[in-house]
Amino acid sequence: NAGVTQTPKFQVLKTGQSMTLQCAQDMNHNSMYWYRQDPGMGLRLIYYSASEGTTDKGEVPNGYNVSRLNKREFSLRLESAAPSQTSVYFCASSEAQVLSGNTIYFGEGSWLTVV
Amino acid sequence: GESVGLHLPTLSVQEGDNSIINCAYSNSASDYFIWYKQESGKGPQFIIDIRSNMDKRQGQRVTVLLNKTVKHLSLQIAATQPGDSAVYFCAEFPWGTPLVFGKGTRLSVIA
């Protein structure tokens, strides 16, 4: 079972370049999320989509945009990459966001370096 | 992938011993909690969860304890194995809002 699939796995960008991280889930989940993970900081929520057609800011949304393309896909875009955006990015999904008790399932991560 | 584990608290245990990983959560309104395991270069994997109406839940070799009075979670791993070496995160779920993650603890199993 694929679960949550995200691409690319690794990417090096120059400051000011743009790129989009792609994510797809095959579990028919309603909610999808983008997190970033930095050393000693744990996982921090960038944006989430509680259901198809909606998106909301998380804890650290600045410098990012998202698109919930359909129920399966949720992309994260960096319009003008900065070195501070060097991080590991995780896409995740859950059956529903608003109901407590819904486990979140994660992709394998995308390692992004901005030089 | 190893860089995400830098600067984390580390727990070293002998293979075969029991491990206890602790976590303090922040929101007294949180009513659901999850423990995740993250191996190097991989995404977090669900281990076990617990709702706030329980104080203990057992899985296979793992037990989660919840003390709401002091806002404390613990994960107990019985007979720790080398494959248990990873970073462990607790996460709390304040009702109606996305999951909030702790910073993680690295478990190192000594063979």
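Residues numbered from 1 in each chain as written. Chains lettered and ligands numbered in written order. Predicted model: local features only at pLDDT ≥ 70, side-chain atom pairs only at ≥ 80, totals over all residues. Heavy atoms only, no water.

The subject of this paragraph is the overall build of chain A. Check the secondary structure of chain A and you find zero helices and eleven strands. Ordered by position in the sequence, the α and β elements of chain A form the string β-β-β-β-β-β-β-β-β-β-β. Here the C-alpha atoms of chain A give a radius of gyration of 13 Å, agreeing with the 13 Å that 2.2 N^0.38 yields for 115 residues. In terms of overall dimensions, chain A has a C-alpha envelope of 40 × 25 × 25 Å along the principal axes. When each of the 115 residues of chain A is scored for burial, the buried share is 51%. (Helix = DSSP H or I, 4+ residues; strand = E, 2+ residues; numbered from the N terminus. Rg over C-alpha atoms; globule rule 2.2 N^0.38 Å. Buried < 20%, exposed > 50% of the residue type's maximum accessible area, 1.4 Å probe, protein only.)

The next subject is the overall build of chain B. Across its full length, chain B holds zero helices and ten strands. Listing every helix and strand of chain B by position from the N terminus yields β-β-β-β-β-β-β-β-β-β. Relative to the 2.2 N^0.38 estimate, which gives 13 Å for 111 residues, the radius of gyration of chain B is 14 Å and therefore close to what a compact globule would have. Within the span of chain B, comprising 111 residues, buried residues form 42% of the whole.

Looking now at the side chain of Arg36 of chain A. Residues and elements named next belong to chain A. Tracing the backbone shows Arg36 in strand β4 (residues 31-38). Residue Arg36 is classed as buried on the basis of its relative accessible area, which comes to 8%. Among the polar contacts made by the side chain of Arg36, one reaches the side chain of Asp38 at a distance of 3.0 Å. Within polar-contact distance, the side chain of Arg36 engages the side chain of Tyr64 at 2.9 Å. If near-sequence neighbours (up to four positions away) are discounted, Arg36 is found in contact with Gly42, Leu43, Arg44, Ile46, Val60, Tyr64, Ser84, Gln85, Thr86, Ser87, Val88 and Tyr89. (Polar contact = N/O pair within 3.5 Å; in protein donor to acceptor, adjacent residues only side chain to side chain. Contact = heavy atoms within 4.5 Å.)

What follows covers the packing of aromatic side chains. Two measures describe an aromatic ring pair: the distance that separates the ring centres and the angle between the ring planes. Scanning the entire structure with this criterion turns up twelve aromatic pairs over all chains. Between Phe10 of chain A and Trp111 of chain A, the aromatic rings sit 5.7 Å apart at their centres with planes inclined by 40°, giving tilted as the arrangement. Taken as a pair, Phe10 of chain A in strand β2 (residues 10-13) and Trp111 of chain A in strand β11 (residues 110-114) lie far apart in primary sequence, 101 residues in all. Given the relative accessible area of 13%, Trp111 of chain A is considered buried. Ring geometry for Tyr36 of chain B and Phe101 of chain B: centres 5.6 Å apart, planes at 45°, overall tilted. (Phe/Tyr/Trp six-rings, centres within 6.5 Å; stacked < 30°, edge-to-face > 60°.)

This part covers the sheet that holds strand β7 (residues 72-77) of chain B. Residues and elements named next belong to chain B. Taken in spatial order, the four strands make up an open sheet running β2-β7-β6-β5, and their pairing is antiparallel. What marks the edges here is a single partner per strand, and that holds for β2 (19-24) and β5 (56-58). Sheet twist, expressed as the average angle between the axes of neighbouring strands with direction ignored, equals 15°. (Pairing = 2+ DSSP bridges. Axes fitted to C-alpha atoms, helices over the stretch in contact; angles between N-to-C directions.)

Our focus in this paragraph is the sheet that holds strand β1 (residues 4-7) of chain A. What holds strands together in a sheet is hydrogen bonding between their backbones, with the strands either parallel or antiparallel. All names here are of chain A. Pairing is antiparallel across the open sheet formed by four strands, whose spatial order is β1-β3-β8-β7. Pairing within the sheet leaves two strands with one partner each, and these edge strands are β1 and β7 (64-68). Averaged over all pairs of adjacent strands, the angle between their axes in this sheet comes to 15°, without regard to strand direction. Bridge analysis of strand β3 (residues 19-25) against strand β8 (residues 74-78) gives three bridges, and the strand direction is antiparallel. When the sheet's bridge partners are listed, Leu21 is paired in β8 with Leu76.

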